[in-house]
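Descriptive structure summary
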Amino acid sequence: MNVALWIVAGLLAAVYLLGGVFKVVTPKEKIAAAGASGRWVDDFSAGGVKAIGAVEVLAAAGLILPATLDIAPVLVPLAALGLVILMLGAAVTRFRRHELKLVAVDLVYILLAAFVAWGRLGPESFLS
């Protein structure tokens, strides 16, 4: 279980680090022009998109660094719960925009982050 949690947390961290940095450094218009999956930015200001990217970068760090550095490892499940909340917002935005195929992708991310949160709060807690 511990290995599975590390793998899922590592994959989530990589995805959110790359996606977050992309949102922070790329203008909103270029994200929207990238395709159907980027049209969600039309519902947010440029600053809002950058803030979402910054939250994703922080969550990626929170999934890995506290446990590897053994400094406040309780932050790992909290970062995962933060991603669950962030992705619930993403799913709601996609649902409102009638992007149902993309809502399914968001639900997968929600389940993966919830798995990390559950595992690190429960059976493989860093607090024990």
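Here the structure is shown first, and the text comes after it.
Conventions and cut-offs
- Residues take numbers from 1 onward in each chain, read along the sequence in its written order.
- Local features are withheld for residues below a pLDDT of 70 in this predicted model, meaning they are given only at 70 or higher, and side-chain atom pairs are given and counted only at 80 or more; totals for whole chains, interfaces and linings count all residues.
- Working from all heavy atoms in the structure, the side-chain values ignore hydrogens and water.
- Pairing of aromatic rings covers Phe, Tyr and Trp, the last through its six-membered ring, and needs centres within 6.5 Å; plane angles under 30 degrees mean stacked, over 60 mean edge-to-face, and all others mean tilted.
- Exposure classes here rest on a 1.4 Å probe applied to the protein chains alone. A residue is buried below 20% of its type maximum, exposed above 50%, and partly exposed in between.
- As used in this record, nonpolar core signifies buried Ala, Val, Leu, Ile, Met, Phe, Trp, Tyr and Cys residues forming a set joined through side-chain atoms within 4.5 Å.
- Here a strand is any run of E in DSSP of at least two residues, a helix any run of H or I of at least four, and the numbering for each starts at the N terminus.
- For patch building, the residue pool is restricted to those with more than 30% relative accessible area and no salt bridge; the joining distance is 9 Å between like charges and 5 Å between nonpolar side chains (Val, Leu, Ile, Met, Phe, Trp, Tyr).
- Values of accessible area rely on a 1.4 Å probe in the Shrake-Rupley scheme; residue burial ignores everything except the protein chains shown.
- Salt bridges, as used here, are contacts in which a Lys or Arg side-chain nitrogen is within 4 Å of a carboxyl oxygen on Asp or Glu.
- Every helix has an expected span of 1.5 Å times one less than the residues it contains.
- Bend is computed residue by residue as the angle between axes fitted to the seven residues ending at the residue and the seven residues starting at it.
- By definition, residues are in contact when any of their heavy atoms lie within 4.5 Å.

It is worth spelling out the packing of aromatic side chains at this point. For the structure on display, the rule yields three aromatic pairs. Here the aromatic rings of Trp40 and Phe44 are separated by 5.6 Å at their centres, their planes lie at 70°, and the arrangement is edge-to-face. Judged by its relative accessible area of 11%, Trp40 is buried.

A separate point is the nonpolar core. If you look at the biggest cluster of nonpolar residues, it comprises 21 residues, and the most contacted ones within it are Leu12, Tyr16, Leu63, Leu83 and Val116. When residues of this core are traced back to their parent elements, those giving at least two are α1 (2-25), α3 (46-69), α4 (75-96) and α5 (100-121). Considering every element that reaches this core, the biggest residue donor is α4, with seven residues. By size, the runner-up hydrophobic cluster in this structure holds six residues, among which are Ile31, Trp40, Val41 and Val49.

Here we take up the environment of Gly89. If you trace the backbone, Gly89 turns up in helix α4. Taking the relative accessible area as the measure of exposure, Gly89 reaches 34% and is therefore partly exposed.

A contiguous nonpolar surface patch, about 510 Å² in accessible area, is contributed by Val74, Leu75, Leu78, Leu81, Leu121 and Leu127. Tallying contributions element by element places α4 first for the nonpolar patch, with three residues. If you trace the backbone, Leu78 turns up in helix α4. Assessed through its relative accessible area of 46%, Leu78 is described here as partly exposed.

Positive phi is not limited to glycine here, since Asp70 has a value of about 55°. Within the element layout of this structure, Asp70 appears in the loop between α3 and α4. Even without glycine at this site, His98 takes up a positive phi of about 60°. Residue placement: His98 occurs in the loop between α4 and α5.

This part covers α3. Turn by turn, an α-helix covers 3.6 residues, leaving residues three or four places apart pointing in a common direction. Its 24 residues place the ends of α3 34 Å apart at the C-alpha level, agreeing with the 34 Å of an ideal helix rising 1.5 Å per residue. Where α3 bends most, the angle comes to about 35°, and this point is Gly62, followed within four residues by the proline Pro66. Three or more residues of α3 are buried, namely Val49, Ile52, Gly53, Glu56, Ala59, Ala60, Gly62, Leu63, Pro66 and Ala67. Close packing links the buried residues of α3 with α1, α2 (28-33), α4 and α5.

Function-wise, these values are silent; they only describe arrangement.
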